[in-house]
Amino acid sequence: DTGVSQDPRHKITKRGQNVTFRCDPISEHNRLYWYRQTLGQGPEFLTYFQNEAQLEKSRLLSDRFSAERPKGSFSTLEIQRTEQGDSAMYLCASSLNRGDSPLHFGNGTRLTVT
Amino acid sequence: AQTVTQSQPEMSVQEAETVTLSCTYDTSENNYYLFWYKQPPSRQMILVIRQEAYKQQNATENRFSVNFQKAAKSFSLKISDSQLGDTAMYFCATAGNNRKLIWGLGTSLAVNP
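What is the right way to look at the overall build of chain B in this model?
For chain B, the count of helices and strands is 0 helices and 12 strands. Mapped from its N terminus to its C terminus, chain B presents α and β elements in the order β-β-β-β-β-β-β-β-β-β-β-β. Structurally, chain B occupies a C-alpha span of about 45 × 30 × 20 Å along its principal axes. Sequence-distant contacts in chain B: of pairs separated by 6 or more residues, those separated by 24 or more amount to 55%.

Help me out: how do you make sense of the interface of chain A and chain B in this one?
Quite often, the size of an interface is put as the accessible area lost when its parts meet. On the chain B side, the residues contacting the 21 residues of chain A number 18 residues. When chain A packs against chain B, the two sides together hide about 1,700 Å² of surface, and 49% of this comes from carbon and sulfur. At the junction of chain A with chain B, the criterion picks out 0 salt bridges. Linking chain A with chain B are 4 residue pairs in polar contact (both at pLDDT 80 or more), by the criterion used here. Element by element, the count of residues in the side of chain A that touches chain B is highest for strand β4 (residues 31-37) of chain A, at 4 residues.

I keep staring at the sheet that holds strand β3 (residues 19-24) of chain A and nothing clicks. Help me out?
To summarise the sheet geometry, strands pair through backbone hydrogen bonds and adopt either a parallel or an antiparallel arrangement. Residue and element names in this part refer to chain A. Pairing within the open sheet is antiparallel, and its 4 strands lie in the order β1-β3-β8-β7. The open sheet is flanked by β1 (5-7) and β7 (65-68), the only strands paired with a single partner. Neighbour-to-neighbour, the strand axes of the sheet open up by a mean angle of 15°, direction not taken into account. Note: β3 against strand β8 (residues 75-79), 5 bridges, orientation antiparallel. When the sheet's bridge partners are listed, V19 is paired in β8 with I79.

How should the nonpolar core be read in this particular structure?
As a rule of thumb, nonpolar side chains are buried together in soluble globular proteins. The biggest cluster of nonpolar side chains holds 24 residues, and the ones touching the most others in it are W36(B), F75(B), L77(B) and Y90(B). Looking at this core, the elements with two or more residues in it are β3 (19-21), β5 (33-39), β6 (46-52), β8 (64-69), β9 (74-79), β10 (88-95) and β12 (107-112) of chain B. If you look at the next biggest cluster of nonpolar residues, it comprises 19 residues, including F49(A), F65(A), A67(A) and L111(A).

About the cut-offs
Residues numbered from 1 in each chain as written. Chains lettered and ligands numbered in written order. Predicted model: local features only at pLDDT ≥ 70, side-chain atom pairs only at ≥ 80, totals over all residues. Heavy atoms only, no water. Helix = DSSP H or I, 4+ residues; strand = E, 2+ residues; numbered from the N terminus. Contact = heavy atoms within 4.5 Å. Buried area = accessible area lost by both parts, 1.4 Å probe. Salt bridge = Lys/Arg side-chain N within 4 Å of Asp/Glu carboxyl O. Polar contact = N/O pair within 3.5 Å; in protein donor to acceptor, adjacent residues only side chain to side chain. Pairing = 2+ DSSP bridges. Axes fitted to C-alpha atoms, helices over the stretch in contact; angles between N-to-C directions. Core = buried A, V, L, I, M, F, W, Y, C linked by side-chain atoms within 4.5 Å. Buried < 20%, exposed > 50% of the residue type's maximum accessible area, 1.4 Å probe, protein only.

In structure tokens form, the structure reads like this:
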């Protein structure tokens, strides 16, 4: 069990560019979550997957945001035409599909849009 | 709708003392879970303790324990024998069966030597 890993750890991009983040969950975990966290705030839910199916998307996830989990293993989160307001920490978490299974978080990807 | 309220933005405690962090919540779920997570500066979110709402017994994990008052929708975290490494943001969160966590704004805890 190597834990949840996220890549890259940091990303600096210019406004208008596209960025893609990757999350590798714990191998036996079938649920995968994306959260966004800004400084001084708690995480905000973006979306979650059960296996390859995206079961819920937050209203926060505008049409510039898309997430995939094509084979039910790793997931990608893409932001198109980035804006300065997208600057945040993007957290990925995974869990088993079981009521008592807690979420395990990765270290996050810190995005800075200049 | 689910909401979580942490009324203490910042707290401090002396090393080896005990501190209690407050959390209240509201949920329409019949079966739900409550969590405390810890986020040290620039480090990942770590689960501290969890409580299933259907269990009346308060959860305990080493120096960490909760006071779960279901009727009052209160879920406070007690840290005993505080250590310098306990310095972090502490987030209270609740989730239903879909495990989509709803978070409070956090309490910044400083443990002073």
